[in-house]
Amino acid sequence: MITDEISRLIEEAARRAVADGVIPAPPRSPVHLERPRRREHGDLATNVALTMAGGGNPRAIAEALVERLPPSELVQSVTVAGPGFINVKLSPVWLHDVVRRAATPDAGFGRSAAGRGQRVNVEYVSANPTGPINVVSGRHAAVGDALAALLEATGHEVTREFYVNDGGRQAELYGASVEARYLQLHGVDAEVPEDGYHGDYVMEVARWVAERVGDRYVNTPPQERREAIRDLALELTLQWMRASLERFGTHHDVWRSERALHADGLVDKALARLAEAGLTAERDGALWFLSSRLGDDKDRVLVRRDGRPTYLASDVAYLVDKFGRGFDRLVYVLGADHHGTVPRLEAAAAALGHEGRLEVELLQVVTLKRGAETLKGSKRAGVVVELDDLVEEVGADAARYMFLTRSADAPLEFDIELAKEQAPENPVYYVQYAHARICSILRRAADDGVPPPRVASAPLERLTDPSEDALMRRLASYEEVVAAAARQRAPHRLTRFVEELAGDFSAFYRDCRVISEDPGLTEARLTLCVATRATIADCLGLLGVSAPERM
RNA sequence: GCGCCCGUAGCUCAGCUGGAUAGAGCGUCGGACUUCUAAUCCGAGGGUCGGGGGUUCGAGUCCCUCCGGGCGCGCCA
């Protein structure tokens, strides 16, 4: 990446300056570069001289560095500005090379190797299998997919994982709720538990169960009936969830069941590992995890007084499972309402000898607006907006894109009515339109018998219009944007980038006619079109949004 | 009460380890279709970055404090 190369040049200059006794010590490596807001400040700028100044004169240091900068064909000019910024203007040769790479399929444009050799598990959605996937999970799916894609784009080997909470109290309550509806269907007086599931879909599940098993369980012992119906209910619900996620474009590689963790003996193994580490204690008849010794604010129960393990016990077992599968890093995408559980998860990872290898990305709530009405997704309350409904109303592309426009820290306000109208305020259409428009130009060129551009040799030096320059420079920033978005776990950077790219393309389209009587200029502009199309498509691909060729 | 997150244009939000004159979209107002897609484009207006103090050559960004909002603080998940 260009920033890395310029950093190295400046570091070399600093080494020389140290050798010459001009500065006492080199700056922190790598030297940080940023893209100045203002065009006249060059392509890249660094404030190293200011950070190194101490009591000294930052401008003098900057000048000393610039004087010692090794020559490079990437750099056109370097200046010292303001209080001591070093501004770098990159050479056209470099810029044209970027455009050619962007226009070349399989050139790896936008890919980097920061994560090479790293195996990462990204767990996301992991909604309780007690009802249809709702809109909140939709945000998790969109963000999880994008994070996974970003990690892959930066060289990580990624496994996408879904944790099925089929072993806890909620699964039991759900089973009991379906059981009650099942009995009602057969004329038996039964009631859905007060704290059970009251949504209409529960009856639908019960009907499906009844179709499968008839009245076989009406007169069986309650224990047997409940377990059988619970298992069937979970089976159908998981099918629904899987189907909804697939429709949304989300595919998990691994669906791991909580009950399977127990069955595989991993819970016992986890408890043993914690005990070996001297981090468990019996107190009041329960078994505790002494997590407060590892940064949690209090200890936590692992096994209740009645002998049933807690949810945390499963969580620890799952950590044993995941680390046992060889992951270097575990990423959890969780709702912000789970932030209280983060310290205990981190404590558990540390207790298992994997301190610092677990990372939690917290997503703030989704607030749904349907017209004037504001509602929140809650499965238990029965007021739910299902992901399927949203996808049907606004489309998977628009829904995904909306979910990815905000940082994780920001609550997301999703106005269904507005999105449903497919009004132009939805930026996904803007971006997709730019892509379709480029495709249209390329089709037109082919129809007119214009030869396809020879990307490697097209005379890009002919691209001198300011909007051509701006578009090329935007393309050139893509690799840094992807790397930064991955590093910061911030997919919303991609939506911002691609909107800006689409905007730059529109300006180019406005100012420059692509297909003209000038074969060289036409070839250069077609190359720029190809590069832009490929980059929009690649970026949308990372976001899980389609790039249509016609609209 | 304690902990985490948030407070930036009328609205929804960006602002990368502190950098140079705080941005985008929408909305509002005014313009542009004999031209490769007008699902578009151009222009205008709009801000004490919640308040106050501090650190720094430099603060929307870091620290303290106050105000306002969200979430969490179970042998629930």
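Provided above is the structure to which this section pertains.
Note that this is a predicted model, so its numbers are computed, not measured.

Engineer: Any details on the overall build of chain A? Residues and values, ideally.
Structural biologist: Within chain A one finds 20 helices and 14 strands. Per-residue burial for chain A yields a buried fraction of 54% across its 551 residues. Taken as a whole, chain A presents about 25000 Å² of accessible surface, with 48% of it coming from carbon and sulfur.

Engineer: So what's going on with helix 12 (residues 342–351)? Residues and values would help.
Structural biologist: Most of helix 12 is tucked away, with 7 of its 10 residues classed as buried. Along helix 12, the positions that sit buried rather than exposed are Val342, Leu345, Ala347, Ala348, Ala349, Ala350 and Ala351. Lining the buried residues of helix 12 we find helix 10 (266–276), strand 8 (286–289), helix 11 (311–324) and strand 11 (358–363). Once helix 12 ends, the next one or two residues include Gly353, with phi positive near 90°.

Engineer: Could you give me a rundown of the protein's contact with RNA strand B, with the residues and numbers involved?
Structural biologist: Taken together, 61 residues sit near RNA strand B, with His32, Arg304, Arg406, Tyr433 and Ser440 positioned nearest. Here RNA strand B approaches the protein such that, of its atoms within 4 Å, sugar and phosphate make up 63%. At 2.7 Å, a side-chain N or O of Ser407 approaches a phosphate oxygen of RNA strand B. At 2.5 Å from a phosphate oxygen of RNA strand B is found a side-chain nitrogen or oxygen belonging to Tyr430. Among the elements of the structure, strand 3 (85–90), strand 8, helix 16 (427–447) and helix 19 (492–511) are those that each provide at least two residues to the surface near RNA strand B. Per-element accounting of the surface near RNA strand B gives the leading share, 8 residues, to helix 16. When the residues that make up the surface near RNA strand B are grouped by side-chain class, the tally is 22 nonpolar, 15 polar and 24 charged.

Engineer: Talk me through the sheet that holds strand 3; I want residue IDs and the actual numbers.
Structural biologist: One open sheet accounts for 3 strands, arranged 1-3-2; its pairing is antiparallel. The open sheet has two free edges, formed respectively by strand 1 (44–46) and strand 2 (75–81), since each of these has just one partner strand. Shown here is a sheet whose adjacent strand axes are inclined to one another by a mean of 20°, direction ignored. Looking at chain direction, strand 2 and strand 3 are connected through 6 bridges and run antiparallel. Looking across to strand 3, one finds that Ser77 is bridged to Lys89. Against the sheet, helix 1 (residues 2–19) touches strand 1, strand 2 and strand 3, its axis set at about 45° to strand 1.

Here is what the cut-offs are and how they apply
Numbering of residues starts from 1 in each chain and follows the order in which that chain's sequence is written. Each chain is given a letter, starting from A, and each ligand a number, starting from 1, according to the order in which they appear as written. Whole-chain, interface and lining totals are the exception, using all residues; otherwise, since this is a predicted model, local features are given only for residues with pLDDT of at least 70 and side-chain atom pairs are given and counted only at 80 or more. Hydrogens are left out, water is left out, and the side-chain values use all remaining heavy atoms of the structure. Helical segments are the DSSP runs of H or I of at least four residues, strand segments are the runs of E of at least two, and each set is numbered from the N terminus. Relative accessibility under 20% of the residue-type maximum defines a buried residue, over 50% an exposed one, and the middle range a partly exposed one, all with a 1.4 Å probe and only protein chains included. Accessible areas in this description were obtained via Shrake-Rupley with a 1.4 Å probe; residue shielding takes into account the shown protein chains only. Contacts are assigned to residue pairs that have any heavy atoms within 4.5 Å of one another. Working definition: residue near molecule or strand if any one of its non-hydrogen atoms lies within 4 Å of it. Identification of polar contacts relies on pairs of N or O atoms within 3.5 Å, with a donor-acceptor requirement for protein atoms, meaning one able to donate a hydrogen and the other able to accept it, and with residues adjacent in sequence counted only if both atoms are side-chain atoms. Under the scheme applied, nonpolar residues are Ala, Val, Leu, Ile, Met, Phe, Trp, Tyr, Cys and Pro; charged residues are Asp, Glu, Lys and Arg; polar residues are all the others, including Gly. Each pair of strands is called paired provided DSSP finds at least two bridges between the two strands. Inter-axis angles, ranging from 0 to 180 degrees, are taken between N-to-C directions of lines fitted to C-alpha atoms, where helices are fitted over the stretch in contact.

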